[in-house]
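In case you want the letters, here they are:
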Amino acid sequence: MFTPHQACRACGFGFRGPGGIKAGTPDNLTEVFDLGLQPLANDFVPDGAERSGYAPLKVMHCPRCTLAQLSVTVRPDILYRHYNYVTSSSETMKHHFERLADDLRLLMGGHTGTVIEVGSNDGLLLQFLSSKGFGNVCGIDPAENLAHVANTEKGVQTINGLFDVKTAAEAKSMVGTLDAIVARHVFCHVDSWEQFLNAALSVCDDHTVLCIEVPYCKDMLEKVEFDTIYHEHTSYMTIRAMKILAERMAFKLVKVIRYQIHGGALLLVLAPERSLRPVDPSVKEFLDAEEITLDTWKEFSAKAKKQIATLRSFVQTARQNGKRVAGFGASAKSTVWINACGFTRKDLETVYDNTSLKWWKLSPGTDIPVTPEGGLYVDSPDYLICFAWNFAQEIMEKPLVKKWMAEGGKFVVPVPELKVYPAP
Ligand code: TYD
Ligand code: ZN
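Draft legend 1. The arrangement of the side chain of Asp347 in detail. By secondary structure assignment, the location of Asp347 is in the loop between helix H11 (332-341) and strand S16 (351-353). Of the side chains bearing the opposite charge, Arg319 lies closest to the buried Asp347, which forms no salt bridge; the N-O distance is 5.5 Å. Leaving out residues up to four positions away in the same chain, Asp347 has contacts with Val315, Arg319, Val325 and Gly342.

Written out as structure tokens, the structure is:
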């Protein structure tokens, strides 16, 4: 189901040559965070269906380039076979897309050029970019169901497959001259960055930018977002690591933009090494402000364990007082929380979610069912634990949640530290 991964994906530190003989530097990556064996975060399956199983969830830190990555790589066909993730078409997301469209336009010298999106999901972003006047767009996504939706319902031409030299060439033939390749929240899911970057380079014109949006490891550490650590996220990106990686792979890092989405993200803009595009001062500025050491990880690990203990005891106390508790947002993050806290249906009655693909399935590793948001109207639990904290504000403003809160419901956001709304 999984294979150990010992060498740093970005800089190669800890690489072992053939037969396990170490080549280059003899050192190993350092273990910095361990949640033990955990279920796969998006393995939502109906009651009675076979589950994918458990794999170690352990983070290793590279002392050379500061990249963090999991100690194992779960086989992608297992990891993504029950993939129910659909990009949230929320207000928060729309706002982010506006911002991204502006940044792309700037990178294209004020034009709305052509775009290939890697991991285009159901075509939401490309549809948005088209509506903003961007030229030809083409998506590439490995999920057959989502590529189908993009092609038939959203009118976004989408190639069903993994991003490689072949699908890249196919996409390029559809858009013509290529202004940007966009990869939102896919890069840190990818096992072989060499393959990914080679495929990208094979279709880059001199002026093409490769825009990689990733969760920022620094934000995750500072805000103790430990619940974004799960098997799909094989790496936790730093700017230092990306710069070294880009330079190893005939690219250069030309610009860094920070976003607030998903708890803190980076847009890392790469250009082919040969391009004349100058390096923006943002690269140095953000690099200078990035200091991630073993101590940073130690502090994070201690705080994360404390957060887990806090939510566990909060829910236990509520249950002992006869209160009914449920979750909101069957995110991958919810799986990490629920399993780290050891919750079962006795603790959380259900997790509400608006993704129909997840309804009536069980939260991975537990017997807690996922039910449609609307259920909140009838069930009226006393507490809701928000596992989609990246959308907390928006969720609290939903008429359904507002009404439930007006009737006495309490909304609990566990990150960065547990907060109850309205305050008791
Ligand atoms: P998200 O944070 O996008 O992803 P991840 O799985 O990577 O942690 O997940 C948010 C979940 O919350 C998603 O399953 C959709 C759900 N959701 C609702 O049910 N209602 C809402 O109003 C919003 C904004 C999200
Ligand atoms: Zn490294």
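Alright, that's what it looks like, and here's the rest.
Draft legend 2. Spatial organisation of the sheet that holds strand S20 (residues 410-413). Read across the sheet, six strands follow the order S18-S16-S15-S19-S20-S21 without closing on themselves; strand pairing throughout is mixed. Edge positions in the sheet fall to strand S18 (370-372) and strand S21 (419-421), since each of these pairs with one other strand and no more. Strand-to-strand twist across the sheet, computed as the mean angle between neighbouring axes with direction ignored, equals 30°. Judged from the two bridges that link them, strand S15 (residues 325-328) and S16 form a sheet pairing that is parallel. Along S16, the bridge assignment pairs Phe328 with Tyr352. Here helix H14 (residues 399-406) sits on the sheet in contact with S15, strand S19 (383-386), S20 and S21, set at roughly 115° to S20.

Draft legend 3. Spotlight on the site of ligand 1. Around ligand 1 sit 19 residues, and of these Lys333, Asp353, Asn354, Glu373 and Lys398 come closest. Here an oxygen atom of ligand 1 and a backbone polar atom of Asn354 are 2.7 Å apart. Thr355 places a polar side-chain atom, nitrogen or oxygen, 3.5 Å from an oxygen atom of ligand 1. Protein burial of ligand 1: of its 560 Å² of free accessible surface, 94% is covered by the chains. Among the residues forming the shell around ligand 1, the class breakdown is eight nonpolar, six polar and five charged.

Draft legend 4. Quick peek at the sheet that holds strand S2 (residues 30-39). If you trace the four strands from one edge of the open sheet to the other, you get S2-S4-S5-S12, paired in antiparallel fashion. A single partner strand is all that each edge strand has here, and the edge strands are S2 and strand S12 (235-236). As paired strands, S2 and strand S4 (residues 54-61) are joined by seven bridges and run antiparallel to one another. For Thr30, the partnering residue across the bridge sits in S4 and is His61. In the packing of helix H10 (residues 294-320) onto the sheet, the strands contacted are S2, S4 and strand S5 (68-70), and the crossing angle to S2 comes to about 30°.

Draft legend 5. Focus on the coordination of the zinc ion (ligand 2). Surrounding the zinc ion (ligand 2) are the protein donor atoms Cys8 (SG), Cys11 (SG), Cys62 (SG) and Cys65 (SG), which sit 2.3 Å from the metal. Geometry at the zinc ion (ligand 2) is tetrahedral, judged from its four donor atoms and the angles of 101 to 115° they form at the metal. Sequence positions of the residues that donate to the zinc ion (ligand 2) give the spacing C-x2-C-x50-C-x2-C. Taken as a pair, Cys8 and Cys11 share a single burial class, namely buried.

Draft legend 6. Layout of the packing of helix H5 (residues 165-175) against helix H6 (residues 193-203). Running from N to C, H5 and H6 cross one another at 30°; their axes reach a closest spacing of 9 Å. One way to sum up the angle between H5 and H6 is to call them roughly parallel. Where H5 crosses over H6, the handedness of that crossing is right-handed. Side by side, H5 and H6 meet where Val165, Ala168, Ala169 and Lys172 of the first sit next to Ala199, Ser202 and Val203 of the second. Considered class by class, the residues forming the contact of H5 with H6 number five nonpolar, one polar and one charged.

Draft legend 7. Quick peek at the pattern of salt bridges. Under the definition given, this model contains 21 salt bridges. Among the ionic pairs, Asp103 bridges to Arg99, the shortest N-O distance being 3.6 Å. Of this pair, Asp103 and Arg99 both sit in helix H2 (residues 91-107), four residues apart, roughly one helical turn. Judged by its relative accessible area of 9%, Asp103 is buried. Residue Arg274 is joined to Asp206 by a salt bridge in which the shortest nitrogen-to-oxygen separation is 2.4 Å. Here Arg274 is found in the loop between strand S14 (265-272) and helix H9 (281-288), whereas its partner Asp206 is found in the loop between H6 and strand S11 (209-215), with 68 residues between them in sequence. Using a relative accessible area of 47% as the deciding quantity, one classes Asp206 as partly exposed.

Draft legend 8. Structural context of the packing of aromatic side chains. Within the structure shown, the criterion is met by eight aromatic pairs. Residues Trp297 and Phe300 carry aromatic rings whose centres are separated by 5.3 Å and whose planes lie at 80° to one another, so their mutual orientation is edge-to-face. Of the two residues, Trp297 and Phe300 are both situated in helix H10; the distance of three residues between them amounts to about one turn of the helix. Phe300 matches Trp297 in its accessibility class, with the two residues each being buried. Put simply, the rings of Phe163, Phe187, Trp193 and Phe196 pair up and form one aromatic cluster. Against the face of Trp389 rests Lys333, its NZ or CZ located 5.4 Å from the ring centre.

Draft legend 9. A look at H11. In terms of burial, H11 is largely enclosed, as ten of its ten residues are buried. Three or more residues of H11 are buried, namely Ala332, Lys333, Ser334, Thr335, Val336, Trp337, Ile338, Asn339, Ala340 and Cys341.

How each quantity is defined
- Residues numbered from 1 in each chain as written.
- Chains lettered and ligands numbered in written order.
- Predicted model: local features only at pLDDT ≥ 70, side-chain atom pairs only at ≥ 80, totals over all residues.
- Heavy atoms only, no water.
- Helix = DSSP H or I, 4+ residues; strand = E, 2+ residues; numbered from the N terminus.
- Buried < 20%, exposed > 50% of the residue type's maximum accessible area, 1.4 Å probe, protein only.
- Lys, Arg positive; Asp, Glu negative; His and termini not counted.
- Salt bridge = Lys/Arg side-chain N within 4 Å of Asp/Glu carboxyl O.
- Contact = heavy atoms within 4.5 Å.
- Pairing = 2+ DSSP bridges.
- Axes fitted to C-alpha atoms, helices over the stretch in contact; angles between N-to-C directions.
- Near = heavy atom within 4 Å.
- Polar contact = N/O pair within 3.5 Å; in protein donor to acceptor, adjacent residues only side chain to side chain.
- Areas by Shrake-Rupley, 256 points an atom, 1.4 Å probe, with all protein chains shown as cover.
- Nonpolar A, V, L, I, M, F, W, Y, C, P; charged D, E, K, R; others polar.
- Donors = N, O, S within 2.8 Å, 3.2 Å for Na, K, Ca; no water.
- Tetrahedral: all angles 85-135°; square planar, octahedral: opposite > 155°, others 65-115°.
- Parallel < 35°, antiparallel > 145°, perpendicular 65-115°, else oblique.
- Left-handed = near helix turned anticlockwise from the far one by under 90°.
- Phe/Tyr/Trp six-rings, centres within 6.5 Å; stacked < 30°, edge-to-face > 60°.
- Lys NZ or Arg CZ within 6 Å of the ring centre and 35° of its normal.

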